[in-house]
Amino acid sequence: MSIFCLGLSAQQNDKAHTSYIDLSYFYGNISKHNNDILHLVTDHPEGYLLSWNRKTYGHKEWEQLYNYPDYGASMIYHNFKNPYMGSNTAFYGHYNFYFFNRNLMFRVGQGVAFAEKPYDKEDNYRNVAFGSTLLSSTYLMLNYKKERIFNRFGLQAGLTLIHYSNGNTKAPNTSINTVNFNIGLNYNLEATQPEYIRTAGLSSAFTEPVRFNFVFRTGINESDVIGSGQFPFYVFSVYADKRLSKKSAIQLGTDVFYSNFLKEYIRYSSISYPERGIDGSEDFKRAGVFIGHELFLNQLSVVAQAGYYLYYPVDYEGEVYLRGGLKGYLTKSKKLFAVITVKAHAAQAEGVEIGIGYRL
């Protein structure tokens, strides 16, 4: 009897999900967001995007709340048509969200990329976009998509934005953004698909008292001065969050930054650029306040924060800072969590932060 139940459970679990693959060709332009990269814009980049996608059908509440998204893994090969940059190969985890009767698909992918020709002070000093071989990469895809046009084959086409940066872990890091047109095929791996589950009366309404969060983040980074060296940094954060619904929460908090790269930047500026008004005695620490938003996707969430330095002893990239990234809850109670975020000033990244936190 137990063997029969186990087999029945396995069959039901198999029917709970189906999957498909898609392959797209893309062709586009490099965004000229920084005058330092103009010599790298010599042609129209092109490449291929291959992905595997698992569909959801509402067996979990969050799947219904987000209109049955897909999740999966993808790979990009990107040829920049430039002798100093060569090509990048990248690997991602992604989500697909659907709108307009599931004809419009919006994909968000986050992963790592490998640069074929990173900066080298002797052999490739012109590639100021990528200061390291290992890069962080994000891509956004907005496609019109139709499945099963011919048997299991379908078509999709639209726009794809791809971003590469090392988060200033090593200079130079002007980064590269490309805007591309893509067209491709999708193929369902199963002949049929289950029905979507729709729970009557399901609502995103949710109430919870204000909770307090304590987070420690760390990483390594370098100032924009090439060759100034990589240094560890430490960030201590305390913030309150208030859930607005099952999908989102708002945040208000404070950060204290111990940015060791600023020690070298202060010393270098005091000697080489006295006109900056830095005499070498300035403090390398900073402190700020921020507001934020958290978007919940099951045990994963997307975090976006905007902050302002209240303690700002030396000018570096401006007094407003931004932070965005992913937060993963490590327990069902959603008290212990891990975070990976990028801190930036406008379009200029300062560092990739990896951290651990606790929510009371």
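Data block above holds the structure.
Residues numbered from 1 in each chain as written. Predicted model: local features only at pLDDT ≥ 70, side-chain atom pairs only at ≥ 80, totals over all residues. Heavy atoms only, no water.

Engineer: Is there a simple way to think about the overall build of the protein chain in this case?
Structural biologist: Looking only at helices and strands, the protein chain features 3 helices and 16 strands. By principal-axis analysis of the C-alpha atoms, the protein chain measures approximately 75 × 55 × 40 Å. Counting only residues that meet the buried cut, the protein chain has 45% of its 360 residues in that class. In the protein chain, 62% of the contacts between residues at least 6 apart in sequence involve partners at least 24 apart. (Helix = DSSP H or I, 4+ residues; strand = E, 2+ residues; numbered from the N terminus. Buried < 20%, exposed > 50% of the residue type's maximum accessible area, 1.4 Å probe, protein only. Contact = heavy atoms within 4.5 Å.)

Engineer: For this particular structure, what's the right way to read the layout of surface pockets?
Structural biologist: Over the atoms rolls a probe the size of a water molecule, and its path tells where empty space is left. The volume enclosed by the largest pocket comes to roughly 1400 Å³. What lines the largest pocket is a set of 49 residues, and nearest its centre among them are Gln110, Ser136, Thr138, Gly324 and Val342. For the lining of the largest pocket, the residue count by class is 26 nonpolar, 22 polar and 1 charged. (1 Å grid on protein atoms, 1.4 Å probe; cavity = no way out; pocket = protein on both sides within 12 Å on 5 of 7 lines; lining within 4 Å. Points joined across faces, edges and corners; volume = space filled by probe spheres on them. Nonpolar A, V, L, I, M, F, W, Y, C, P; charged D, E, K, R; others polar.)

Engineer: Which parts of the structure should I look at to understand the sheet that holds strand β1 (residues 19–30)?
Structural biologist: The strands making up a sheet are joined through hydrogen bonds of the backbone, oriented either antiparallel or parallel. A barrel is described by the order of its strands in space; here 8 strands give the closed sequence β1-β2-β3-β4-β5-β6-β7-β8, paired in antiparallel fashion. When the angles between neighbouring strand axes are averaged without regard to direction, this sheet yields 25°. (Pairing = 2+ DSSP bridges. Axes fitted to C-alpha atoms, helices over the stretch in contact; angles between N-to-C directions.)

Engineer: Looking at this structure, how should I read the packing of aromatic side chains?
Structural biologist: Each pair of aromatic rings is reported with the distance of its centres and the angle of its planes. Scanning the entire structure with this criterion turns up 27 aromatic pairs. Here the aromatic rings of Tyr95 and Phe97 are separated by 6.0 Å at their centres, their planes lie at 20°, and the arrangement is stacked. Of the two residues, Tyr95 and Phe97, neither departs from the other in class, the shared state being buried. Feature note: the residues Trp62, Tyr66, Tyr71, Tyr95 and Phe97 constitute an aromatic cluster, connected by ring pairs. Arg243 extends its terminal NZ or CZ atom over the ring of Phe206, reaching a point 4.5 Å from the ring centre. Cation over ring: Lys263 sits above Phe284, and NZ or CZ is 4.5 Å from the ring centre. (Phe/Tyr/Trp six-rings, centres within 6.5 Å; stacked < 30°, edge-to-face > 60°. Lys NZ or Arg CZ within 6 Å of the ring centre and 35° of its normal.)

Engineer: Can you help me understand the side chain of His345 in this one?
Structural biologist: The topology assignment puts His345 in strand β15 (residues 336–345). Engagement of the side chain of His345 in a polar contact is seen with the side chain of Tyr309, the distance being 2.9 Å. A polar atom in the side chain of His345 sits 3.5 Å from the side chain of Glu350. Among all residues touching His345, those that are not within four sequence positions of it are Arg286, Tyr309, Tyr316, Glu317, Gly318, Val320, Tyr321 and Glu350. (Polar contact = N/O pair within 3.5 Å; in protein donor to acceptor, adjacent residues only side chain to side chain.)

Taken by themselves, the reported measurements are silent on function.
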